Amino acid sequence: MKRTVSIVSVAILALVIAFSAFLATRHPVSDATVAPSPLLGKLAPALKGHELGGGTFSLKSERGHVVVVNFWASWCPPCIQEAPELSTYAWHARTKGVVVVGVVFNDAVSSATAFAAHYGSLYPSIIDPGGTIANSYGVTSPPTTFVIDRHGRVAATLLGATTAKQLAAVVARVSS
Amino acid sequence: MTLTWLGRVALYGAFLATLGGIVHQVIALRTNRPSRSLRWAVASLVGIVGAVAVMQFALITHNFSLAYVSENNATFTPLLYSITGMWSALEGSLLLWSLLLCAIIVVVLRYYRRRSEDQVVSWASVVLFGVSAFFLGLMCGPADPFIHNGARVLQGAGPNALLQDNPLVAIHPPLLYMGFVGFTVPFAFAIAMLITGRVHDRWPLEQRRWTVLAWGVLSVGIVLGAWWSYQVLGWGGFWGWDPVENAALLPWLTATAYIHSVIVQDRRGLFRVWNLSLAIATFALTILGTFFTRSGVLQSVHAFSSSTLGPLLIGFFFVTVALGVGLLAWRGDRLRSPVGVDHPLSKEGLFIANNVLFVGFAVVVLLGTVFPLLYEAVNGGQVTVGTPYFATVAVPMSIVLLVLMSLAPLVGWRTLDTSVLWSRIRVSAWAALVVVAALMLAGVRRPMVLLAYFLASAAAGSALRTLRGAFVAVRRRGQRWFEALRGPSAGGMVVHLGVVVMALAIVTSTSYTTRNEVTLATGQSTVVAGQFVTFHGFRTVKDPLETATQLRVDVNNHALLPAITTYDGRSEQPVGTPAIDSNLARDVYVTFDAVGGTGAASGAQVEGSLPAGSVVLGVTVEPMLAWLWIGGLLLGLGSALSFVRRRHGEELEA
C-alpha cells in the first residue's frame with residue numbers, strides 16, 4: 001500500500017511539474033483585435049507634426065510606403081507590452097518600404113520622451129497637442145494601430161497591443 | 001495621490017493582518033494554546049473592506065487619479081457599471097476575490113470558534129490565511145490596483161463594451177468568484193487532516209456542507225453566465241466550450257464528484273485518499289482556471305486582461321498540488337480503507353461510476369483546453385478545439401449520467417437486490433415508456449431524443465420517489481411537511497430534478513432549433529418558422545453612453561427591439577444585441593443581421609443589394625430553452641436545501 005501510494009504520488013508530481021513548467025513558459029496570445037472602422041478604405045486623415053526628439057513627420061511625403069501608425073501613451077500598460085514589438089518590427093521592415101510612426105496620445109511630452117528613451121524606440125513618434133490627430137482618426141484609447149497602404153488609404157485598424165508577427169501578417173495582406 | 005495611499009494602506013493592513021494570523025496560529029499550535037486567530041481574520045477583512053471602499057469611491061465618483069479607474073471607467077459610465085467596473089479587469093477582480101476570501105475565513109473561523117483548540121481547525125486556518133496572503137500579496141506587488149495616474153484624463157476609457165451591455169455583469173462574476181473562493185475551505189481542511197493525520201474523523205462530512213455551498217453558488221454562476229452569453233450575440237449560444245468557460249467547469253466537475261463520494265466515506269468508510277485528492281484537485285483547478293483567465297495564454301472571449309501574473313499563478317498551482325500529493329504520500333498508510341466495495345451495482349459501486357465519469361470528463365475538458373498550446377509547441381501551428389470534440393464525449397457521458405441518476409437513489413448499500421430495485425423503479429420505468437410513446441405519437445422520431453426523454457423521465461422518477469419517501473417519513477413522525485425538505489437527501493434530489501430539466505432543455509433546443517433569415521422592408525410582415533414577424537421601422541437611441549440602432553419588430557404581437565449598439569469611449573466596435581421572446585414552450589431569438597442601402601451609421605453589416613429601409617432579420621426558434629434557466633434555479637434551490645439540511649446529530653435528537 002505504502003509503496004503504491006509513493007509511486008503514484010511521484011508519478012503525479014512529475015506530471016504536474018511538467019504541466020506547470022509547460023504552462024509557465026507559454027507566451028500570452030497578445031495579438032490586437034482587428035476591428036472594423038469607418039475609416040477603412042478611405043484616405044487617411046492628415047498626420048503631420050513635430051517628433052519627440054525634434055524633426056517633423058508628414059504622412060503625405062510617405063506616399064508609396066506602407067505606414068503603420070500607432071497611438072500610444074506612457075501611462076498605458078499594453079503600450080509598454082507592445083513597445084519592444086513595434087521596435088522589432090520597425091527595424092526589420094525598414095528596408096521593405098514600411099514606415100512605423102507613433103502618435104503620443106493624451107500624455108505629457110516629458111513622460112512620453114522618457115518612455116521612448118526607456119524602451120529604446122526605433123521609430124519616430126509625433127506629439128499631438130490637443131489631440132487633433134487622435135480625434136480625426138477616431139482614437140479613444142491607446143493602443144490603437146492603423147495600417148495605411150501605399151496609396152494613403154486606411155487598410156486595417158488594430159485595437160489593443162499588437163505584435164511584430166501580427167504586424168508583418170497584416171502588412172503582407174495589405175501590400176498584396 | 002490621496003486615494004492611492006488610502007487604498008494601499010488598507011491593502012497592506014489586510015496583508016499584514018493575514019501574515020499576523022499565520023504567525024499567531026503557528027505559535028498557538030507549537031505552544032498548544034487556544035488561538036485567537038479570528039481577530040486577525042477580522043482585521044484583514046476590515047483592511048480589504050477599506051481597500052474595496054476606496055476603489056468603489058474612486059469608480060463611482062469617476063476619480064481618474066487611479067490608473068485603474070481611468071482605464072475601466074468614464075465620466076459617463078452609469079452607477080451600476082461603475083460599481084461592476086471593479087471586476088472588469090485584473091487588479092480589481094483580485095480585490096473582489098480577496099474580499100470574498102477574507103469574508104469566508106471570518107465565517108469559517110467564527111463557525112468553528114468553540115473548537116479552536118482542535119488541531120485540524122488550527123492547521124486549516126493556517127492554510128486559509130496562507131491562500132489569502134498569496135492573493136493579497138499579488139496586489140501588494142505585481143497587480144497593484146491603486147497605481148497613481150499623473151496624466152490628466154478628461155473622459156476615461158470606460159469598461160469593455162461587452163461588460164456594460166448587460167446587468168448580469170453585476171451577478172455572474174461575483175457568483176463565480178464566490179464559488180471558486182468557497183472551494184478554499186474544503187482544501188484547507190483536507191490539508192489540515194493530512195498534516196494532523198486525523199483522517200478518520202467526521203471532518204470530511206463536515207466539509208461537504210461548505211463544498212455544497214460553493215458548488216451551488218458556482219452552478220448558479222455558470223448557468224447565469226450561459227444565460228448572459230445567450231443574450232449577447234456572437235458568444236455561440238449558451239455554451240461555447242471556450243477555455244474560460246471550461247476553466248469554471250473543471251472545478252465544478254471535480255467538486256460534483258467530491259460531494260457524491262464523501263457520502264460513501266461517511267456511510268462506508270471508503271474512498272479516503274480519493275476524497276482528499278478531490279478536495280485538493282478542486283481547489284488547484286480553481287487556481288488553474290484563474291491562470292487561464294488571467295494569463296492570456298489561451299485565446300478566449302473572456303481573457304479580458306492579459307497580465308504578467310501567469311508564472312506566479314501557475315507556481316501557486318504547482319505548490320498546491322505538490323503539497324497535496326506530498327502529504328497524501330506521507331499519510332498514505334493511515335488512509336487505507338478497512339473494507340472494499342462488495343457489489344459493483346450497490347450504491348457505492350454506482351458512486352464510483354459517478355466519480356469516474358465526472359473526473360474522466362474533467363480530464364477530457366482539461367486536455368481539450370490545453371491542446372491548442374501543446375499543438376503549437378510541437379507543430380508551431382494554430383489549432384482550435386471546438387464543440388465537436390467536447391460534444392463527442394459530453395453526449396455519451398450525459399446518457400450514462402442519466403442512467404446513474406435513475407438507479408443510484410434507489411439501490412441499497414453493499415448489495416444489489418434486484419427484486420427490491422425492480423419494485424422501486426417499476427413505476428418510473430413505465431412512466432418513462434409512456435412519455436416515449438406519447439412523443440412518438442406526436443411525431444418525434446429521433447432515437448437520441450427519445451432515449452434522452454426515456455432516461456430523463458426515469459431519473460426524475462427516482463428523484464421524485466426519494467422525495468416522496470422523505471415526505472411520508474416526516475408525516476409518520478408527525479412533523480410538519482417542510483421538515484422533509486431538510487432531510488438528508490431532499491436537497492440532492494432537487495438538484496437531480498434540476499439536472500434532468502436542464503438535460504431535456506438542452507436536448508430539445510439543440511435538436512429542434514430552426515434558424516431562418518428574412519428580409520423585410522419597413523411595414524412588411526411575414527411568417528417564418530411558424531412565427532408571425534412584422535418590421536415597423538428603425539429607432540435610434542443615443543445617450544452619452546451608447547448609440548444604438550434598434551429595430552421595432554413584432555413577433556406574434558410581442559414588441560421586440562433587436563439592436564446594434566456602439567459604446568462611446570472604449571472602442572467603436574459595435575455589439576449586436578438580440579431580442580428574445582421567451583415562453584415555456586419556445587424562445588424566438590431575433591437578431592439584426594444586416595441593413596439595406598447605405599446603412600448610414602447603424603454599425604450593422606451593410607447589404608448593398610437591398611433597398612434602403614429594409615433589414616435582414618435572423619429569426620431562430622429554440623423550443624423549450626427557458627427550461628434551461630428553470631433547471632438552473634432548481635440547482636441553486638437544491639444546493640441551498642442541502643446546505644441548511646439537518647445534520648446527523650439533530651436527526652437523532654428529533
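What you see is a predicted model, and the numbers here were worked out from it, not measured in a lab.

A few points about the overall build of chain B
If you tally the helices and strands in chain B, you get 19 helices and 11 strands. The proportion of buried residues among the 654 residues of chain B is 50%. Counting contacts in chain B only where the partners sit at least 6 residues apart, residues at least 24 apart contribute 72% of the total.

Focus: the overall build of chain A
Tallying secondary structure elements over chain A gives five helices and eight strands in all. Ordering the α and β elements of chain A from the N terminus gives α-β-β-β-β-α-β-α-β-α-β-β-α. Here the C-alpha atoms of chain A give a radius of gyration of 21 Å, more than 25% beyond the 16 Å that 2.2 N^0.38 yields for 176 residues. Expressed along its principal axes, the backbone C-alpha trace of chain A runs to roughly 80 × 40 × 30 Å. Counting the 176 residues in chain A, one finds 39% classified as buried.

Regarding the environment of Gly 150 of chain B
Residue and element names in this part refer to chain B. Considering the arrangement of structural elements, one finds Gly 150 in the loop between helix 6 (119-140) and helix 7 (172-182). With 13 C-beta atoms packed within 10 Å, Gly 150 lands in the partly exposed category. Considering only alpha carbons, one finds Gly 150 and Leu 66, 84 residues apart in sequence, at a separation of 8.6 Å.

Focus on the packing of helix 6 of chain B against helix 8 (residues 184-196) of chain B
Residue and element names in this part refer to chain B. Remark: helix 6 packs on helix 8, axes separated minimally by 8 Å, with the N-to-C direction vectors making an angle of 130°. What the angle tells us is that helix 6 and helix 8 run oblique. For the element pair helix 6 and helix 8, the recorded crossing hand is right-handed. Counting all contacts with helix 6, which are made through Gln 119, Val 120, Trp 123, Ala 124, Val 127, Leu 128 and Val 131, the residues of helix 8 involved are Thr 184, Ala 188, Phe 189, Ile 191, Ala 192, Met 193, Ile 195 and Thr 196. Split by residue class, the contact of helix 6 with helix 8 holds 12 nonpolar, three polar and no charged.

Points about the pairing of strand 9 (residues 586-596) of chain B
Residues and elements named next belong to chain B. Most of strand 9 sits inside the fold, with 10 of its 11 residues counted as buried. Note: strand 8 (residues 579-582) against strand 9, four bridges, orientation antiparallel. Across the sheet, residue Ala 579 finds its bridge partner in strand 9, namely Val 590. In this structure, the hairpin formed by strand 8 and strand 9 is closed by a connection of three residues. The sheet contact formed by strand 9 and strand 11 (residues 614-623) spans nine bridges and is antiparallel. By the bridge assignment, Arg 586 is partnered in strand 11 with Pro 623.

Focus on helix 18 (residues 626-643) of chain B
Residues and elements named next belong to chain B. Over its 18 residues, helix 18 runs 26 Å from end to end, which matches the ideal 26 Å to within 8%, given 1.5 Å per residue. Among the residues making up helix 18, those that are buried are Trp 627, Leu 628, Gly 631, Gly 632, Leu 635, Gly 636, Gly 638, Ser 639, Leu 641 and Ser 642. The elements touched by buried residues of helix 18 are helix 9 (203-231) and helix 17 (490-511).

Some thoughts on the nonpolar core
Residue and element names in this part refer to chain B. Ile 191, Ala 192, Phe 317, Ala 456, Ala 503 and Leu 504 are the most contacted members of the largest nonpolar core, which has 216 residues in total. In contact with Leu 504, other than residues within four places in its own chain, are Ala 452, Tyr 453, Ala 456, Met 624 and Trp 627. Phe 535, Val 555, Tyr 589 and Val 595 belong to the second largest nonpolar core, which has 21 residues in total.

A short note on unusual backbone geometry
All names here are of chain B. Although it is not a glycine, His 62 adopts a positive phi angle of roughly 50°. Relative to the assigned elements, His 62 resides in the loop between helix 2 (37-60) and helix 3 (67-72). Phi angles above zero are rare outside glycine, and Asn 556 is one such case at about 50°. By the element assignment, Asn 556 lies in the loop between strand 4 (546-555) and strand 5 (558-560).

Overview of the confidence of the model for chain A
In this model, chain A carries a mean pLDDT of 82, and residues with pLDDT of at least 70 account for 93%. Model confidence for chain A, summarised as mean pLDDT per element, is weakest for strand 1 (residues 33-35) of chain A at 67 and strongest for strand 4 (residues 66-72) of chain A at 91.

Some details on the confidence of the model for chain B
Residues and elements named next belong to chain B. In the predicted model, chain B carries a mean pLDDT of 84, and 90% of its residues have values of at least 70. Ignoring residues within four places in sequence, the model shows residues 649-654, a span with pLDDT below 50, making one contact including any to other chains. With a pTM of 0.80, the predicted complex shows an ipTM of 0.71.

Considering the packing of helix 11 (residues 272-295) of chain B against helix 12 (residues 310-330) of chain B
Residues and elements named next belong to chain B. The contact between helix 11 and helix 12 brings their axes to 9 Å, and the two run at 175°. With respect to each other, helix 11 and helix 12 are oriented roughly antiparallel. The residues of helix 12 that touch helix 11, namely those facing Val 273, Leu 276, Ser 277, Ile 280, Phe 283, Ala 284, Ile 287, Leu 288, Thr 290, Phe 291, Arg 294 and Ser 295, are Gly 310, Leu 313, Ile 314, Phe 316, Phe 317, Thr 320, Val 321, Gly 324 and Leu 328. A breakdown of the residues in the contact of helix 11 with helix 12 according to their chemical character gives 14 nonpolar, six polar and one charged.

Basis of the calculations
Residues numbered from 1 in each chain as written. Chains lettered and ligands numbered in written order. Predicted model: local features only at pLDDT ≥ 70, side-chain atom pairs only at ≥ 80, totals over all residues. Helix = DSSP H or I, 4+ residues; strand = E, 2+ residues; numbered from the N terminus. Buried ≥ 20, exposed ≤ 12 C-beta atoms within 10 Å, placed from the backbone. Contact = placed C-beta atoms within 7 Å. Rg over C-alpha atoms; globule rule 2.2 N^0.38 Å. Axes fitted to C-alpha atoms, helices over the stretch in contact; angles between N-to-C directions. Parallel < 35°, antiparallel > 145°, perpendicular 65-115°, else oblique. Left-handed = near helix turned anticlockwise from the far one by under 90°. Nonpolar A, V, L, I, M, F, W, Y, C, P; charged D, E, K, R; others polar. Pairing = 2+ DSSP bridges. Expected span 1.5 Å × (residues − 1). Core = buried A, V, L, I, M, F, W, Y, C linked by C-beta atoms within 7 Å. pLDDT = per-residue confidence, 0-100.

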